[in-house]
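Secondary and tertiary structure notes
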Amino acid sequence: DNQYRKLNELISQMLAQRDHWLGDITASQQDWESFRQLMQASLAHINREAEQRLREVAGPQLCAELEALTVYAGNQLSLAGKDSSLLQVKPESIAFRKQQWRLFLTKDSEFRKRLDVNCGFPGDGNFTNKSEKEIAKAFNQRAKAFLQSLATREAEILPAILDFIDAPAAELTDHEWQLLSDLVLVLYYAAAHLKIVFQQRKTVDFSEIALAALDTLGDPDQPGETALALDERIQHILVDEFQDTSFIQVNLLEKLTAGWMECDGRTLFLVGDPMQSIYAFRKADVGLFLRLWMQRQLGHVPLTTLQLRMNFRSSPAVLDWVNTRFLQAFPQRSDARLGAVDFAHSHAGKSQHPADQTSAHLFIAHDDPVAAAQAEASWIADKVLELGTNQNGEKIPSIAVLIRGKSHIAWIVQAFRQRNIAYQAVDIEKLTENQIIQDLLSVYRAYLSPGDKVAWFALLRGPWCGLTLKELQQVATVDAHPWRALEKIALRTTDNGAATTQQHNADESPLAPA
């Protein structure tokens, strides 16, 4: 549709993730038929996975009823000469099975409330034959019950249906293959042009560095000199937070371990929790973790899986609350392609304390998020004061406050200061907001610019001078420029023969103008 700006944006997004496809695109220029077979297999695999998940969610009874109802509906639509998408695809094909489910959905992807003659379920009034009337009535009742079953399980089954029917077509037409061929060629030249731009600007992005590293290691059949050198040196590899690895990082691990042999004493140890994956914006793909977990193999290195469920940090009361609430927040099934992770329960590794309890309090922002943040901070500070002592009147040594991010703690810190609550945290303030740094910056600014009043007053107010506000006001009355004012005061003090240790009160300050 000639939207070149949109095409340009899409190509830019693809280039940012070229580590996912550049190898296959480059190979396609040498052997298009192999690339076509790879794409065909990938499309078929995506559809098979989505259909298999749907069948698992729906169950065999619902799937069998779907088959019976759509066969009847197809016959009725054909007899009535209706132009239905159910009749326009080959039976037994993936496209046909998608249309079977689509028959029970509206254009807005919601379950239909009722089925009529346009869906292949004519009323018994459309027939004159008694047996046909009875058959039509029976199938309409079955269809109604089928819709009720779908509606009852909507939260569970509708996403699975939409995931299946919205999956890309398993088979592409010749026209679609031609478009794909053109797009592959555009991406191939775009990637080549990007290299030229990098050379001209003398810069690279992270993907370029990672791709260069992979290229240096070579291929498993033809490893480079770097790969051979590392193969002699590397005995053990440990990767922490493996749930936040990217495609190219896993590829790097595969190349680093390509020369490993079974029982040669080398080990690969991968540690991660897919429920804690938070770096998708950095191209991390938790689906990689899930695939390796299911395949139990990275490259040709076999993996032994171990799932840790014992929690030694939290009390049973906290874990019970988390297990109950978060079970509802996570998907019911893991899905490597979609990056969906199901919830894994944790078991307490320590005994319950009588005082352990959990509670939840909500603070709704409405139209004033600042007021809500202040109310939340005040509640937290008051709660800390309330929990400061136990039932025996003993002071609790410490209370932890967990926050989502550093930017959320400002109001809490302010509430703590207002209530004289001592707190300790790491890097909760910007370096420039630290009082010591501010004092040093005042010295630096005053040194660079003797006429900077704000810097000089901050310096005089700082810990090395400690002038009061009244004394600062007296300095300002001596001269408009603080430095000259200090020179005059120093000169006056010298002329009067005053000692630097002279005692004075607030009313008889040596800073007072003559």
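Let us look at the structure shown here. Please read all numbers here as calculations on a predicted model, not as lab measurements.

Conventions used here
- Residues numbered from 1 in each chain as written.
- Predicted model: local features only at pLDDT ≥ 70, side-chain atom pairs only at ≥ 80, totals over all residues.
- Heavy atoms only, no water.
- Helix = DSSP H or I, 4+ residues; strand = E, 2+ residues; numbered from the N terminus.
- Rg over C-alpha atoms; globule rule 2.2 N^0.38 Å.
- Buried < 20%, exposed > 50% of the residue type's maximum accessible area, 1.4 Å probe, protein only.
- Contact = heavy atoms within 4.5 Å.
- Areas by Shrake-Rupley, 256 points an atom, 1.4 Å probe, with all protein chains shown as cover.
- Salt bridge = Lys/Arg side-chain N within 4 Å of Asp/Glu carboxyl O.
- Axes fitted to C-alpha atoms, helices over the stretch in contact; angles between N-to-C directions.
- Parallel < 35°, antiparallel > 145°, perpendicular 65-115°, else oblique.
- Left-handed = near helix turned anticlockwise from the far one by under 90°.
- Nonpolar A, V, L, I, M, F, W, Y, C, P; charged D, E, K, R; others polar.
- Core = buried A, V, L, I, M, F, W, Y, C linked by side-chain atoms within 4.5 Å.
- Pairing = 2+ DSSP bridges.
- Right-handed = clockwise from strand over helix to strand, strands pointing away.
- Polar contact = N/O pair within 3.5 Å; in protein donor to acceptor, adjacent residues only side chain to side chain.
- Arc of directions from axis to C-beta.
- Phe/Tyr/Trp six-rings, centres within 6.5 Å; stacked < 30°, edge-to-face > 60°.
- Lys NZ or Arg CZ within 6 Å of the ring centre and 35° of its normal.

On to the overall build of the protein chain, then. When helices and strands are counted, the protein chain shows 19 helices and six strands. For 514 residues, the compact-globule estimate of 2.2 N^0.38 gives 24 Å, and the C-alpha radius of gyration of the protein chain, at 36 Å, exceeds that figure by more than 25%. By principal-axis analysis of the C-alpha atoms, the protein chain measures approximately 125 × 65 × 60 Å. Within the span of the protein chain, comprising 514 residues, buried residues form 29% of the whole. Pairs at least 24 apart in sequence give 65% of the contacts found in the protein chain among residues at least 6 apart. Put simply, the protein chain shows about 34,900 Å² of open surface, and 54% of that area lies on carbon and sulfur atoms.

Per the counting criterion, the structure on display carries 14 salt bridges. As a salt-bridge pair, arginine 18 and glutamate 208 come within 2.9 Å of each other at their nearest N and O atoms. Of this pair, arginine 18 sits in the loop between α1 (4–16) and α2 (22–28) while glutamate 208 sits in helix α9 (residues 206–217), and the two are 190 residues apart along the sequence. We note that arginine 18, like glutamate 208, is buried. For arginine 142, the salt bridge is made with glutamate 65, and the minimal N-O distance between the two is 2.9 Å. Pair noted here: arginine 142 is in helix α6 (residues 130–152) and glutamate 65 is in helix α4 (residues 60–79), with a separation of 77 residues, a long-range link. Overlapping salt bridges bring together Arg18, Lys195, Asp205 and Glu208 as one network.

On the accessibility criterion, arginine 18 (2% relative accessible area) is buried. Leaving out residues up to four positions away in the same chain, arginine 18 has contacts with Leu194, Phe198, Asp205, Ser207, Glu208 and Leu211.

Moving on, we get to the packing of helix α16 (residues 435–448) against helix α17 (residues 453–461). Between α16 and α17, the least distance of the axes is 8 Å, while the angle of their chain directions is 130°. Of the possible angle classes, the one that applies to α16 and α17 is oblique. When you trace α16 past α17, the crossing you get is left-handed. Packed against α16, whose contacting residues are Ser442, Val443, Arg445 and Ala446, the element α17 presents Ala455, Trp456, Ala458 and Leu459 at the interface. Here the contact of α16 with α17 is built from residues that sort into six nonpolar, one polar and one charged.

With that out of the way, let us pick up the nonpolar core. Judged by nonpolar contacts, the single largest core of 36 residues is most densely connected at Trp101, Phe104, Phe121, Phe146, Leu150, Ile157 and Ile161. At the level of secondary structure, the elements contributing two or more residues to this core comprise α3 (32–58), α4, α5 (94–102), α6 and α7 (154–165). Broken down by element, this core gets its largest block of residues, seven residues, from α4. In contact with phenylalanine 104, not counting residues within four places along its chain, are Leu66, Leu69, Thr70, Glu110, Phe111, Arg112, Leu115, Phe146, Leu147 and Leu150. If you look at the next biggest cluster of nonpolar residues, it comprises 20 residues, including Leu217, Val239, Leu290 and Val341.

A word on the pairing of strand β1 (residues 236–239). Here β1 shows one buried face, formed by Ile237 and Val239, and one open face, formed by His236 and Leu238. Here β1 pairs with strand β2 (residues 267–270) via four bridges, running parallel. Bridging from a neighbouring strand, valine 239 pairs with leucine 270 of β2. Each parallel crossover has a hand, and for β1 linked through helix α11 (residues 247–256) to β2 it is right-handed.

Quick look at the environment of tyrosine 188 now. Summarising the element assignment, tyrosine 188 is placed in helix α8 (residues 174–201). Note: C-alpha distance between tyrosine 188 and aspartate 320 (132 residues apart in sequence) is 53 Å.

As a further point, take the side chain of threonine 245. Inspection of the secondary structure puts threonine 245 in the loop between β1 and α11. In this structure the side chain of threonine 245 is engaged in a polar contact, spanning 2.8 Å, whose partner is the backbone oxygen of phenylalanine 242. Every residue in contact with threonine 245, bar those within four places of it in the chain, is listed here: Val239, Val250, Lys283, Ala284, Asp285 and Leu288.

The complete set of buried residues in α17 reads Ala455, Trp456, Leu459 and Leu460. Viewed along the axis of α17, the buried residues span an arc of 130°, placing them on a single side of the element. Taking the backbone nitrogen of valine 454 as reference, a side-chain oxygen 3.3 Å away marks aspartate 452 as the first, capping residue of α17.

Under the definition given, this model contains 10 aromatic pairs. On the numbers, 5.8 Å between centres and 45° between planes, the contact of tyrosine 72 with phenylalanine 121 is tilted. Placement of tyrosine 72 in helix α4 and of phenylalanine 121 in the loop between α5 and α6 is noted, with a sequence separation of 49 residues between them. Judged by relative accessible area, tyrosine 72 falls into the buried class, the value being 8%. Relative accessible area serves as the criterion here: at 1%, phenylalanine 121 is assigned to the buried category. Here a set of aromatic residues connected by ring pairs shows up, and it is made of Tyr72, Phe121 and Phe139. Sitting above the plane of the phenylalanine 164 ring, lysine 98 keeps its charged end 5.9 Å from the centroid.

Let's shift gears to the packing of α4 against α6. It is at 11 Å that the axes of α4 and α6 come closest, and there the two elements cross at 140°. The orientation of α4 relative to α6 falls into the category oblique. Where α4 crosses over α6, the handedness of that crossing is left-handed. In contact with Leu62, Glu65, Leu66, Ala68, Leu69 and Tyr72 of α4, α6 contributes Ile135, Ala136, Phe139, Arg142, Ala143, Phe146, Ser149 and Leu150. By residue class, the composition of the contact of α4 with α6 is 11 nonpolar, one polar and two charged.

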